[in-house]
Amino acid sequence: MVTTSSLNLVFTPTKPTSLSWKHSFPSPFTTANCTRRQNRKAYRFAVFATVLADPKPTVLVAEKLGKAGLELLKTFANVDCSYNLSPEELCTKISLCDALIVRSGTKVTREVFERSGGRLKVVGRAGVGIDNVDLSAATEHGCLVVNAPTANTIAAAEHGIALLTAMARNIAQADASLKAGKWQRSKYVGVSLVGKTLAVIGFGKVGSEVARRAKGLGMHVIAHDPYAPADRARAIGVDLLTFEEVISIADFISLHMPLTPATSKIFNDQAFSRMKKGVRIVNVARGGVIDEEALVRALDSGIVAQAALDVFTEEPPPKDSRLVLHENVTVTPHLGASTTEAQEGVAIEVAEAVIGALKGELAATAVNAPMVPAEVLTELAPFVTLSEKLGRLAVQLVAGGSGVQSVKVTYASARGPDDLDTRLLRAMITKGLIEPITSVFINLVNADFTAKQRGLRITEERFLLDGSPENPLEFIQVQIANVESKFATAISDYGEIKVEGRVKDGKPHLTKIGSFGVDVSIEGSLILCRQVDQPGMIGSVGNILGEENVNVSFMSVGRIAPRKQAVMIIGVDEEPSKKALKRIGEIPAIEEFVFLKL
């Protein structure tokens, strides 16, 4: 039994702009031959692709990055390492850059995105937090923001434990005292960690690693995180409690939450008043989650016995900061990720994400795009490639100046709608449709917005199949309505350009064009021919290409019946000359053909 379910993404043009061949940039496609056969409505078209020699992208590295990451970037892009830029200098340089990499010290404001003039495609944050990047402005300008959330996890957790133990035993104060010529053993008596209760606020990657290590020190660990799954906490031996509960019973509190409007100054006078007298606090997350003036008051009153801080609201903090100078506070200058291994790991992780984004790929570390779990990305990876290829193939078949305005995408799957998130696939189809004929860069962030701007109406349909849902998709079909075609055979019985593809052995395959079934790998360049099915056709075309030293990678023929019409698809490694394509078109049995570059 087959049922269908639909999801419509409808864009109504507000002005007569559309995805059209008429645009201000030179089209990479030129028509070489257009003749009409007698008594036939089909036209003969040869479409040539011109490969423009675009320069390497430019990546601006605004803060120090590990050598391994820089070397990786230099294999793909021109790298400009300009550190300690003022906001004005950053805004001046940004219009010349395709990517920007920062750490925590550079503010990537709305003005930065506006001044980029649309060229900036990706901002890479070398670290976890992205509170120094204006995400809404990035999304509006179609700029992907990626971070490096895993490489420094262990380093940050280890630093949290280091501060915890150093604070408990007064290491920093005793060290300074001894170096000053004093011997104050009785003054720096510490407290033991064994049997004490540690509250971990923010039970993500770093928080959970801190919890594991604290358990090894003999501490009882509790945690608060509204988004943490209870089973993951239980697996570590941690109890998840409310915020009020954990701060009221903890002997030590370790902070690992991001800085958001909800967490800004969450540790204020009211929160400190609920804590046990003599509590000790560690912060290796973000300085802004603590009201620093309130913390000073809590330290002076004895509610907080000690604090160990790696981060501050203002970095670096003022030299006369009462908090930094407080005798019961241990401080480090934002060293959470500062190990040799973490620095190199973060550099590589953010460099890989930035390079991938510049290539048009999507990463699980994208923070301003719909969250796509790593396992989903892995499963859908071959279908992502298939989606973009189908879009590119379909749009190159469009003729005339009316432009593409209506596209229907059909997904055939045994999975229900809730088990198949097609946002990524839709974005890549949009990328394939738009990028070949404009200078616009498309990704998951701005795909829908860009389609809307161009009056492109995309309708998605789910075709529910019977069978095992092990394979996410059986096929994807792209149909473009109300357009003429350079290759009339691509027009379906319903008058639309139609292409269909499947994934076979992990690779995208074209399995239908118009009403003809075919089976070819979608890669490189293709020559599509409609012909009378007769002996010698493959040899005739092959000989022409061989004489031109054009290597044929594959050939496939789909036909209605023997000696009737057939579609021949030829994969070539090089672009044939105009002369070669003209000779192919002059073969008497060939009724129409088109050259496509994917």
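Please read these numbers as outputs of a predicted model, since none were measured by experiment.

Novice: Can you help me understand the overall build of the chain in this one?
Specialist: From N to C terminus, the chain includes 18 helices and 27 strands. Out of the 598 residues belonging to the chain, those deemed buried represent 52%. Residue pairs at least 24 apart in sequence account for 67% of intrachain contacts in the chain once pairs closer than 6 positions are excluded. On the chain, roughly 27200 Å² of surface is accessible, and the fraction owed to carbon and sulfur atoms is 52%.

Novice: When you look at the side chain of S387 in this model, what are you seeing that I'm missing?
Specialist: With respect to the helices and strands, S387 occurs in helix α14 (residues 374-396). The class for S387 is buried, based on a relative accessible area of 0%. In this view, S387 contacts L425, M428, I429 and I476; residues no more than four positions away in its chain are not counted.

Novice: Help me understand the side chain of N170, please; the structure alone is not making it clear to me.
Specialist: Among the structural elements, N170 can be located in the loop between α5 (153-168) and α6 (171-179). The exposure class assigned to N170 is buried, which follows from its relative accessible area of 10%. Engagement of the side chain of N170 in a polar contact is seen with the backbone oxygen of V189, the distance being 3.3 Å. At 2.8 Å, the side chain of N170 forms a polar contact with the side chain of Q306. For N170, the residues in contact, after removing those within four places along its chain, are Y188, V189, G190 and Q306.

Novice: Quick question: what am I supposed to make of the pairing of strand β6 (residues 99-102) here?
Specialist: Within a regular beta strand, the side chains point alternately toward one face of the sheet and then the other, so they alternate between its two faces. On β6, burial covers both faces: A99 and I101 on one face and L100 and V102 on the other are all buried. Across three bridges, strand β4 (residues 58-61) lies against β6 in parallel orientation. Among the inter-strand pairings, V59 is bridged to a residue of β6, identified as A99. Alignment of β6 against strand β7 (residues 122-125), held across four bridges, turns out to be parallel. Residue pairing in the sheet places I101 in a bridge with G124 of β7.

Novice: I would appreciate a short explanation of the sheet that holds strand β11 (residues 239-240) in the present structure.
Specialist: Across a sheet, strands are paired by hydrogen bonds formed along the backbone, either parallel or antiparallel in direction. Reading across from one edge, β11-β10-β9-β12-β13-β14-β15 is the order of the seven strands in this open sheet, with parallel pairing throughout. A strand with exactly one partner marks an edge of an open sheet, and here the two such strands are β11 and β15 (329-331).

Novice: Any chance you could explain the packing of α5 against helix α7 (residues 205-216) here in plain terms?
Specialist: Two packed helices can be described by the angle between their axes and the distance between those axes. With their axes 8 Å apart at the nearest point, α5 and α7 run at an angle of 50° to one another. When the axes of α5 and α7 are compared, the pair comes out oblique. Crossing of α5 over α7 shows right-handed handedness. Side by side, α5 and α7 meet where T153, I154, A156, A157, E158 and I161 of the first sit next to K205, V206, E209, V210, R213 and A214 of the second. Each residue belonging to the contact of α5 with α7 can be placed in one class, and the counts come to seven nonpolar, one polar and four charged.

Novice: Could you clarify how one ought to interpret the environment of S515 in this entry?
Specialist: Here S515 shows up in the loop between β22 (507-513) and β23 (516-521). On the basis of relative accessible area, S515 is assigned to the partly exposed category, the value being 42%. Beyond its immediate sequence surroundings of up to four residues, S515 is in contact with T489, S492 and D493. In this structure the side chain of S515 is engaged in a polar contact, spanning 3.2 Å, whose partner is the side chain of D493.

Novice: Even after reading the chapter, I still don't get the pattern of salt bridges, so can you show me in this structure?
Specialist: For side chains of opposite charge, pairing can occur when their charged atoms come near one another. Evaluation of the coordinates by the stated rule reveals 24 salt bridges. The shortest N-O distance in the salt bridge between K179 and D175 comes to 3.4 Å. Placement of the pair is K179 and D175 together in helix α6, with a separation of four residues, close to one helical turn. With relative accessibility at 38%, the residue D175 sits in the partly exposed group. A salt bridge links E388 to R392, with the shortest nitrogen-to-oxygen separation between them at 3.1 Å. With a gap of four residues between them, E388 and R392 both fall in helix α14, about one helical turn apart. In this pair, the class of E388 matches that of R392, namely buried. A single network of salt bridges, built from pairs that share partners, joins E388, R392, K431 and E435.

Novice: Could you clarify how one ought to interpret the nonpolar core in this entry?
Specialist: Soluble globular proteins tend to pack their nonpolar side chains together in the buried interior. Counting residues in each nonpolar core, the largest one holds 78 residues, and the members touching the most others are L397 and I513. Contacts of L397, omitting those with residues within four sequence positions, involve E484, S485, K486, F487, A490, I497, V499, I513, V594 and L596. By size, the runner-up hydrophobic cluster in this structure holds 29 residues, among which are F267, V289, V296 and A307.

Novice: Where do I start with unusual backbone geometry in this structure?
Specialist: With glycine set apart, most residues show a phi of negative sign, and most peptide bonds adopt trans. Following E315, the chain continues into P316 via a peptide bond in cis, with omega recorded as -5°. Note on placement: P316 falls in the loop between β14 (304-309) and α12 (322-325). One non-glycine residue with positive phi stands out, namely N84, at about 60°. With respect to the helices and strands, the residue N84 is situated in the loop between β5 (78-81) and α2 (87-93). Classification of N84 by relative accessible area gives exposed; the value is 74%.

Definitions and limits used
- Throughout this document, residue positions are counted from 1 along each chain, in the order its sequence is written.
- Local features in this predicted model are restricted to residues whose pLDDT is 70 or higher, and side-chain atom pairs enter the listing and the counts only when it is 80 or higher, whereas totals over whole chains, interfaces and linings include all residues.
- Side-chain numbers come from the whole structure's heavy atoms, not from hydrogens or water.
- Where helices and strands are cited, they refer to DSSP runs of H or I of at least four residues and of E of at least two residues respectively, numbered from the N terminus.
- Working definition: with a 1.4 Å probe on protein chains only, accessible area under 20% of the residue-type maximum means buried, over 50% means exposed, and in between means partly exposed.
- Pairs of residues are marked as contacts when any of their non-hydrogen atoms sit within 4.5 Å.
- All accessibility values rest on the Shrake-Rupley procedure with a 1.4 Å probe; residue burial counts only the protein chains present in the view.
- Polar contact is the term for a pair of N or O atoms within 3.5 Å; when the atoms are in protein, one must be able to donate a hydrogen and the other to accept it, and sequence-neighboring residues count only if both atoms are side-chain atoms.
- Paired strands, in this sense, are two strands between which DSSP finds at least two bridges.
- Only the stretch in contact is used when a helix axis is fitted, and all axes are lines through C-alpha atoms; the angle between N-to-C directions ranges over 0 to 180 degrees.
- Any angle between 65 and 115 degrees counts as roughly perpendicular, while under 35 counts as roughly parallel, over 145 as roughly antiparallel, and the rest as oblique.
- By definition, any crossing whose near helix is turned counterclockwise from its far helix by less than a right angle is left-handed, and any crossing with a clockwise turn is right-handed.
- Think of it as three bins: nonpolar holds Ala, Val, Leu, Ile, Met, Phe, Trp, Tyr, Cys and Pro, charged holds Asp, Glu, Lys and Arg, and polar takes everything else, Gly as well.
- Salt bridge, as used here: a side-chain nitrogen of Lys or Arg that lies within 4 Å of a carboxyl oxygen of Asp or Glu.
- The set of buried Ala, Val, Leu, Ile, Met, Phe, Trp, Tyr and Cys residues whose side-chain atoms join them within 4.5 Å is what this entry labels a nonpolar core.

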